[in-house]
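Reading the structure
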Amino acid sequence: MVVRGMRPRSPRQRASWRRSTCSCFTPGATARGFPGRTPWGRRFSLCLTWPETIPMDLFRFCSITFLPSPPVQGGIFIMTGDVLPCFDASNLHLPEDAACIVTVPTTLDVAANHGVVVASKDGGVDKETYSLCLVDDLLQKPTVSELVEGHAILDDGRALLDTGIIAARGKAWQDLVTLALSSSHTVIKELMTSNKELSLYEDLVAAWVPAKHEWLRKRPLGKELISALGKQRIFSFCSYDFSFLHFGTSVEVLDHLAGSYSGLVGRRHMCSLPETTACDIAATAIILSTKISSGVSIGEDSLVYDSVLCGRIRIGSQCIVVAVNISEFHGYNPQILNGSTCFTLPDRHCLWEVPLVSSAGRVLVYCGLHDNPKVSIKRDGTFCGKPWINVLEDLRIQDSDLWDSTSQDKCLWTAKLFPVISLPEMLNVGMWLMGSACDPDGKIASLWRKSQRISLEELHHAIDYRQLCTESSKHQADLAADIAKACLNYGLLGRNLFQLCEEMLQKDTRLAVYEELLSFFRSHRDQYPGLLPQSREYQVKMDLLRASGDLSTACVVEEKVWASIASETASAIKYGSKEPSSSNMSSNHGNLHPRKAVVELPVRVDFVGGWSDTPPWSLERPGCVLNMAISLQGSLPVGAMIETTEDHLGVRIKDDAGRNVYIDNLASISSPFKESDPFRLVKSALIVTGILGHKILSKSGLNIRTWANVPRGSGLGTSSILAAAVVKGLFQVMEDDESDDNVARAVLVVEQIMGTGGGWQDQIGGLYPGIKCTQSFPGQPLRLQVVPLLTTPQLIQELEERLLVVFTGQVRLAHQVLQKVVTRYLRRDNILISSIKRLAELAKIGREALMNGQLDELGGILLEAWRLHQELDPFCSNKLVDELFAFADPYCCGYKLVGAGGGGFALLLAKNPSCTKELRRALEESATLDVKVYDWNIAMPR
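The sections below set out a description of the structure shown in this document. From a predicted model like this one, the values you see are computed outputs, not experimental measurements.

Regarding the overall build of the protein chain
Helix and strand counts for the protein chain stand at 31 helices and 42 strands. Counting across all 942 residues of the protein chain, residues that qualify as buried make up 54%. When contacts within the protein chain are restricted to residue pairs at least 6 apart in sequence, those whose partners lie at least 24 apart make up 68%. When the accessible surface of the protein chain is totalled, it reaches about 41800 Å², and 51% of it is carbon and sulfur.

Comments concerning helix H28 (residues 830–851)
Here H28 contains 22 residues, and its C-alpha end-to-end distance of 32 Å stays within 8% of the 32 Å for a straight helix at 1.5 Å per residue. Among all positions of H28, only Ile 831, Leu 832, Ile 833, Ser 835, Ile 836, Leu 839, Ala 840, Leu 842, Ala 843, Gly 846, Ala 849 and Leu 850 are buried. Where H28 begins, the side chain of Asp 829 points an oxygen toward the backbone nitrogen of Ile 831, at a separation of 3.0 Å.

Comments concerning the pairing of strand E33 (residues 651–654)
Residues of E33 alternate between two faces, with Val 651 and Ile 653 buried on one and Arg 652 and Lys 654 left unburied on the opposite face. In this structure, E33 lies alongside strand E34 (residues 660–663), joined through 4 bridges in antiparallel fashion. Of the residues in E34, the one forming a bridge with Lys 654 is Asn 660. Linkage of E33 to E34, two consecutive antiparallel strands, is achieved through a turn of 5 residues, within which Gly 658 is found at a positive phi near 85 degrees. Pairing of E33 with strand E35 (residues 701–708) involves 4 bridges; the strand directions are parallel.

Quick notes on the pattern of salt bridges
On inspection of all chains with the given rule, the structure shows 34 salt bridges. Arg 219 is paired through a salt bridge with Asp 203; the nearest N and O atoms lie 3.1 Å apart. With a gap of 16 residues between them, Arg 219 in the loop between helix H6 (213–217) and helix H7 (222–229) and Asp 203 in helix H5 (residues 200–207) connect regions that are remote in the sequence. For Arg 219, a relative accessible area of 25% gives the class partly exposed. On the accessibility criterion, Asp 203 (0% relative accessible area) is buried. Between Arg 604 and Asp 762 there is a salt bridge; the shortest N-O distance is 2.8 Å. Of this pair, Arg 604 sits in strand E30 (residues 603–608) while Asp 762 sits in helix H25 (residues 761–767), and the two are 158 residues apart along the sequence. Taken as a pair, Arg 604 and Asp 762 share a single burial class, namely buried.

Observations regarding the sheet that holds strand E19 (residues 313–315)
If you trace the 4 strands from one edge of the open sheet to the other, you get E13-E16-E19-E22, paired in parallel fashion. Each edge of the open sheet is held by one strand with a lone partner, namely strand E13 (280–281) and strand E22 (343–345). With 3 bridges joining them, E19 and E22 adopt parallel strand pairing. Across the sheet, residue Ile 313 finds its bridge partner in E22, namely Phe 343.

A look at the pairing of strand E37 (residues 783–788)
With 6 bridges joining them, strand E36 (residues 771–777) and E37 adopt antiparallel strand pairing. Directly across from Ser 776, in E37, lies its bridge partner Leu 784. Hairpin connection from E36 to E37: 5 residues lie between these consecutive antiparallel strands, with Gly 779 at a positive phi of about 145 degrees.

Here we look at unusual backbone geometry
The step from Pro 615 to Pro 616 runs through a cis peptide bond, and the omega angle for that step is 5 degrees. Along the polypeptide, Pro 616 turns up in the loop between E30 and helix H20 (617–620). For the peptide bond that leads from Ser 671 to Pro 672, omega is 5 degrees, which places it in the cis range. Phi angles above zero are rare outside glycine, and Glu 735 is one such case at about 60 degrees. With respect to the helices and strands, Glu 735 occurs in the loop between helix H23 (718–734) and helix H24 (740–754).

Quick look at the nonpolar core
Grouped together as the largest cluster of nonpolar side chains are 134 residues, with contacts concentrated most on Met 504, Phe 607, Met 628 and Leu 799. Discounting chain neighbours no more than four positions away, the residues touching Phe 607 are Leu 626, Asn 627, Met 628, Ile 771, Leu 799, Leu 803, Leu 850, Leu 858, Leu 862, Ala 865, Lys 896 and Leu 907. One finds Leu 84, Ile 292, Cys 384 and Trp 432 within the second-largest nonpolar core, a separate group that totals 73 residues.

Structural notes on the sheet that holds strand E12 (residues 268–269)
Reading across from one edge, E12-E14-E17-E20-E23-E24 is the order of the 6 strands in this open sheet, with mixed pairing throughout. This sheet does not close on itself; its edge strands, each paired only once, are E12 and strand E24 (362–368). Bridging between strand E20 (residues 320–322) and strand E23 (residues 349–355) involves 3 bridges; their strand directions are parallel. Following the sheet pairing, Val 321 is matched in E23 by Leu 351. Taken strand by strand, helix H8 (residues 250–258) contacts strand E14 (286–288), strand E17 (303–305), E20 and E23, and its axis lies near 105 degrees from that of E17. Docked against the sheet, helix H13 (residues 465–489) engages E23 and E24, running at close to 105 degrees with respect to E23.

Thoughts on the environment of Ile 836
Structurally, Ile 836 can be placed in helix H28. Given the relative accessible area of 2%, Ile 836 is considered buried. Excluding residues within four positions of it along the chain, Ile 836 makes contact with Trp 611, Ser 612, Trp 617 and Leu 872.

Topic: the environment of Cys 133
With respect to the secondary-structure elements, Cys 133 resides in strand E8 (residues 132–140). Expressed as a C-alpha distance, the spacing of Cys 133 and Phe 235, which sit 102 residues apart in the sequence, is 5.4 Å.

Re the packing of H28 against helix H29 (residues 855–872)
The contact between H28 and H29 brings their axes to 10 Å, and the two run at 165 degrees. Compared by their axis directions, H28 and H29 come out roughly antiparallel. In the packing of H28 onto H29, the handedness of the crossing is left-handed. On the side of H28, the interface is formed by Leu 832, Ser 835, Ile 836, Arg 838, Leu 839, Leu 842, Ile 845, Gly 846, Ala 849 and Leu 850, while H29 contributes Leu 855, Glu 857, Leu 858, Ile 861, Glu 864, Ala 865, Leu 868, His 869, Glu 871 and Leu 872. Class assignment of the residues belonging to the contact of H28 with H29 gives a composition of 13 nonpolar, 3 polar and 4 charged.

Some thoughts on the packing of helix H21 (residues 680–689) against H23
For the pair H21 and H23, the least separation of the axes is 9 Å and the interaxial angle reads 45 degrees. By the angle between their directions, the pair H21 and H23 is classed as oblique. Crossing geometry of H21 relative to H23 is assigned as right-handed. Of the residues in H23, those in contact with Leu 681, Val 682, Ala 685, Leu 686 and Thr 689 of H21 are Ser 719, Leu 722, Ala 723, Val 726, Val 727, Leu 730, Phe 731 and Met 734. For the contact of H21 with H23, the per-class residue count stands at 11 nonpolar, 2 polar and no charged.

Calculation notes
- Residues numbered from 1 in each chain as written.
- Predicted model: local features only at pLDDT ≥ 70, side-chain atom pairs only at ≥ 80, totals over all residues.
- Heavy atoms only, no water.
- Helix = DSSP H or I, 4+ residues; strand = E, 2+ residues; numbered from the N terminus.
- Buried < 20%, exposed > 50% of the residue type's maximum accessible area, 1.4 Å probe, protein only.
- Contact = heavy atoms within 4.5 Å.
- Areas by Shrake-Rupley, 256 points an atom, 1.4 Å probe, with all protein chains shown as cover.
- Expected span 1.5 Å × (residues − 1).
- Polar contact = N/O pair within 3.5 Å; in protein donor to acceptor, adjacent residues only side chain to side chain.
- Pairing = 2+ DSSP bridges.
- Salt bridge = Lys/Arg side-chain N within 4 Å of Asp/Glu carboxyl O.
- Core = buried A, V, L, I, M, F, W, Y, C linked by side-chain atoms within 4.5 Å.
- Axes fitted to C-alpha atoms, helices over the stretch in contact; angles between N-to-C directions.
- Parallel < 35°, antiparallel > 145°, perpendicular 65-115°, else oblique.
- Left-handed = near helix turned anticlockwise from the far one by under 90°.
- Nonpolar A, V, L, I, M, F, W, Y, C, P; charged D, E, K, R; others polar.

Structure follows, in structure tokens:
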């Protein structure tokens, strides 16, 4: 089910919603609380742990955020695990001293299958919108008549759907903490010994609703909860701009996986499949964490998860199979089933297997996809899609076989259907009950009647969750180990070995597995000479060493990772270049004359595409960046002056901070350089250009002066552009190839020698004037294609009028972020790869938008790019940046930080020139935002 209050209408709104996300959450994730600090004082936050059984890229739209509360009060904001919401948390208005449940209006047919909140008609806090009201009652899966009787229908004919998102602040939160501290051990002990349940979602919430107290008193510890929490009330906050996915039923799960969100789902994740001709697996089937043998058939749009399936098993279409382990058929007689298929799950059915507590027994559970377990026979309840009356007639059983005489509600939930017998027998009985096998002699029916049977209600209390989790973890570890071995034995290391190693951590014999994997790795290079980047090989080896606990060796290999990246970059850049011939060098000998070069360059602002230019990505995959060269405060801010001198034979370097150094021994200039060396950029440029071995330095020295009138850590590509200025000046002095293309390539190598990494977009942005879209094509050599945008004077004027370039006042070094992103790429992180691909795609879309004069569309692209940057690096934003963007949002159609983020400059694209003036004045007059708006212009060709 997809519930929407109001859909986001523009990219700016969608990005705003995504901006409120600070953690991702999926069904099955666990949460634990710990105290933390916020600008608002103490809080209670949730630490979310991903279940290893669910791939992180399966669901990506869930938000969970913590809301500001007054000092000392504190609070908690939680949600149940079957919803994936998307909403702007800044729009929530929650009471300070009470609990609150988030609701959304929905149609009555949807409300009838979920929880409904009855809001007070006269207990509203927000008199204008009635969005915050006292809760009068809570209804669970009510009929339309129950909605009418319970006064739950709103004036517009809808009802308030309970989203399962709950907040408690102030006194309500203090009551919760007091209850936990005073009786936690007693409560837990009583629940454990009595095998009872206490639901945070139902019981605790009911304690805040007086109308539910009578029901709650009959529940375990209900009286204690009412006594401890009943003094406070709970409010309903109706969020009209709310959208979320609900996973409360099996049908909804399949709908989401096959619907508009199917593009987010990896259809084959952590699974082991045989050759395609040995199985019949539909292309639309989703197989997760599953091992499948030859001879298995799986129909269209089915989901198989955390299972092992052997041959001669048929899974129909639109089925769900979870945690089923049918690895072999000991003592199984397929003749009973009148065919060669051992087991068939009919279309639109669910099948799962669970272990039972205090027993070695297990049980297979099955039902129809559309069965509602709580609907009784009297209300036309179904089992396996057929009315109960027909089920009893077809199977020739009595209702007394399923329900005892005291049972008031005869439904699937209370029916003693599922036998606790051996696996082959359970499969036989299951096919008979589901109607896919006959029982002419009555043997299966007799076996079913004589066996111990359990209902869903009883099963709910009898599942051995510890064993379930242990078996699941071991299953995943075995799968991960097998996939890792196949990756090393047969593949090109395309898998994320780091993630596979994490999956294997649950296995007791993991050390032996890692040793085996390392033994495979030793011979891997010989299998694929020249095909696999050495940096990737070293990264895999480092991941295996870390997982096996050999941290000292892993650190040694890590150094080889970064050295390999530098070597691969240099190789791709220098490949095919011609070294100066000795004849040309000697021809100039004796004819040296004083030379001087002054190079001034603009800085760059990147609209979109950054990270796709960075090695090793750009060495292995296409990249595309849309950026622009600009002057600041009326001048070109970055420059270098290089001149020959006869005063000395060494090299003298001076920067704009007043630091200088004289190097008389040129042989001492060699990498690696210390990170603290303020002149490593110039030294690296001296190495890359080859001037240290040039004849020009045999009879003269060099004076080099650099400057950058830009705040440090600006994100404007200053370091690479300064390197470009130095390299270009050195080439001019050497009378070598000073073309922008050659300089850009050389700077890429300079970055690697410096140890800062970095890509090609910064130097391209500064060397080439105006706006340009640059693409890179991997190979030997790396090819760059710079395409200037032929924009109209009107567009340039409008862009200069609407775009604000604002310095946040915060500094962050890009190479610290770069190392994390590059490591994730070397590990073949799927989310990172998909995000960078999208950034490169957006660069092409942005190019078309600018060429068509559509600045509003460019604003939406900036917002999506900013969201993707936050996916790549969660720390690229911070409180000040969020406050700046929230402040600017009413005036803007788009915004982002330039470069790697975390600080530096921000781009704010206003809706129109009037908004630009208003926003600039508001920023300059703001008492809370200490930022500076810079004057700028596009640096056009001279």
